[in-house]
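Understanding the architecture of this molecule
Okay, here's what each chain looks like letter by letter:
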Amino acid sequence: MKQRIGALALLVPNYDQAITYYTENLGFELVEDTKLSETKRWVLIAPKGSSETRILLAEADGPDQQKTIGNQSGGRVFLFLNTDNFDRDHAAMQAAGVAFLEEPRTEPYGKVAVFEDLFGNKWDLIESY
């Protein structure tokens, strides 16, 4: 048996705003944008060159979901963006206005820095050793 995580849902306030941020500021690719109904779309994004896990951008539906935007993990780092060149990607993301919450640091597992996306989700940018 073989399994893999194909996608994870990320609540956002607006599909188009999220697509713009993730593609322009983080350099992700828009993999799919399919209209499902008048209010729902199937929107998948992924880092360029990624062939496995996708992020499903899910527009929050109602006040309960809206309250959790940016805090789906209770304030902890929620997503981990691995890179083969930390310095290159860190510089590009800073130039694109990505908000890093700390200076890069070296850990036993690699070089890392926490950043926050436009909606308040915390991410690690990591180059593993």
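Rules behind the numbers
- Residues numbered from 1 in each chain as written.
- Predicted model: local features only at pLDDT ≥ 70, side-chain atom pairs only at ≥ 80, totals over all residues.
- Heavy atoms only, no water.
- Buried < 20%, exposed > 50% of the residue type's maximum accessible area, 1.4 Å probe, protein only.
- Helix = DSSP H or I, 4+ residues; strand = E, 2+ residues; numbered from the N terminus.
- Arc of directions from axis to C-beta.
- Contact = heavy atoms within 4.5 Å.
- Polar contact = N/O pair within 3.5 Å; in protein donor to acceptor, adjacent residues only side chain to side chain.
- Core = buried A, V, L, I, M, F, W, Y, C linked by side-chain atoms within 4.5 Å.
- UniProt positions renumbered as here; feature names shortened; annotations may be inferred.

This part takes up helix α3 (residues 86-95). Looking only at α3, the buried set comprises F86, H90 and M93. Each buried residue of α3 lies within a common arc of 70° when the element is viewed along its axis, so the set occupies one face. Elements in contact with the buried residues of α3: α1 (15-25), β6 (99-100), β8 (110-116) and β9 (122-128). Capping of α3 at its N-terminal end is provided by N85; its side-chain oxygen lies 3.4 Å from the backbone amide nitrogen of D87. Of the residues flanking the end of α3, it is G97, one or two places downstream, whose phi is positive at about 90°.

Generally speaking, soluble globular proteins have nonpolar side chains that are buried together. In this structure, Y22, L26, F28, L57, F115 and W123 are the most contacted members of the largest nonpolar core, which totals 28 residues. Elements that contribute at least two residues to this core include exactly β1 (7-12), α1, β3 (41-47), β4 (54-59), β5 (77-82), α3, β8 and β9. Ranked by the residues each element gives to this core, the list is headed by α1, at five residues. Excluding anything up to four places from it in sequence, F28 contacts Y22, T23, I45, A46, P47, K48, I55, L81 and W123.

Let us look at the UniProt feature "domain: VOC" (unreviewed entry) in the chain. In this numbering, the UniProt entry assigns the feature "domain: VOC" (unreviewed entry) to residues 4-128. Secondary structure across residues 4-128 comprises 22% helix and 42% strand; the distance between its end C-alpha atoms is 21 Å.

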